[in-house]
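The chain contents come next:
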Amino acid sequence: MREVVKVNVSSICNVQQTRVLITLEIHKKGEFGDHVYGPFVNQQTPRFNSGLIVKLQDKYVDCRSSSLSKWFGIAYSRAFIAGRWQFAGKTQSPKVEVLPCGT
């Protein structure tokens, strides 16, 4: 069985959004600073970057050991809405997860 840390991100809007670009960084807290994996982005085809909800759900980091580590994600996005670019600033996961996943 493959062990990974995975972060799911969604851009949700009450009006149609197009050309949505979601950027994700997966962070592992380290003794001397975070280890950053990514950036990861969603596919840039209309099927995957348009709609009321656009998701980025297939990005992960492989675990190399079972040592306990603290993990979280940071995401930001841009979207074309009603003829203008809209930007969502960096948002961190609501909580840091302690997982048996070392890298």
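That block above? That's the structure.
Note that this is a predicted model, so its numbers are computed, not measured. (Residues numbered from 1 in each chain as written. Predicted model: local features only at pLDDT ≥ 70, side-chain atom pairs only at ≥ 80, totals over all residues. Heavy atoms only, no water.)

Novice: Any chance you could break down the nonpolar core for me, citing the residues and the numbers?
Specialist: V5, V9, I22, L24, I26 and W71 are the most contacted members of the largest nonpolar core, which has 18 residues in total. Top contributing element to this core by residue count: strand β2 (residues 9-28), with six residues. For W71, the residues in contact, after removing those within four places along its chain, are V5, I26, H27, K28, Y37, V61, K95, V96, E97, L99, C101 and T103. (Core = buried A, V, L, I, M, F, W, Y, C linked by side-chain atoms within 4.5 Å. Buried < 20%, exposed > 50% of the residue type's maximum accessible area, 1.4 Å probe, protein only. Helix = DSSP H or I, 4+ residues; strand = E, 2+ residues; numbered from the N terminus. Contact = heavy atoms within 4.5 Å.)

Novice: Describe the state of the cysteines, listing the residues and the values that go with them.
Specialist: Using the criterion set out here, one finds one disulfide in the structure. Each disulfide pairs two cysteine sulfurs, and for C63 the partner residue is C101, the sulfurs being separated by 1.9 Å. Handedness here is read from the sign of the S-S torsion; for C63 and C101, about -110°, the answer is left-handed. Taken together, the residues C63 in the loop between β5 (60-62) and β6 (65-81) and C101 in strand β8 (residues 97-102) connect sequence positions 38 residues apart. Assigned by exposure class, C63 and C101 land together as buried. (Disulfide = S-S within 2.5 Å.)

Novice: Which residues make up the pattern of salt bridges, and what values do they have?
Specialist: For the coordinates displayed, the defined rule picks out three salt bridges. D62 is paired through a salt bridge with R2; the nearest N and O atoms lie 2.8 Å apart. With D62 in strand β5 and R2 in the segment before β1 (4-6), this pair connects stretches of sequence that are 60 residues apart. Owing to a relative accessible area of 55%, R2 belongs among the exposed residues under this scheme. (Salt bridge = Lys/Arg side-chain N within 4 Å of Asp/Glu carboxyl O.)

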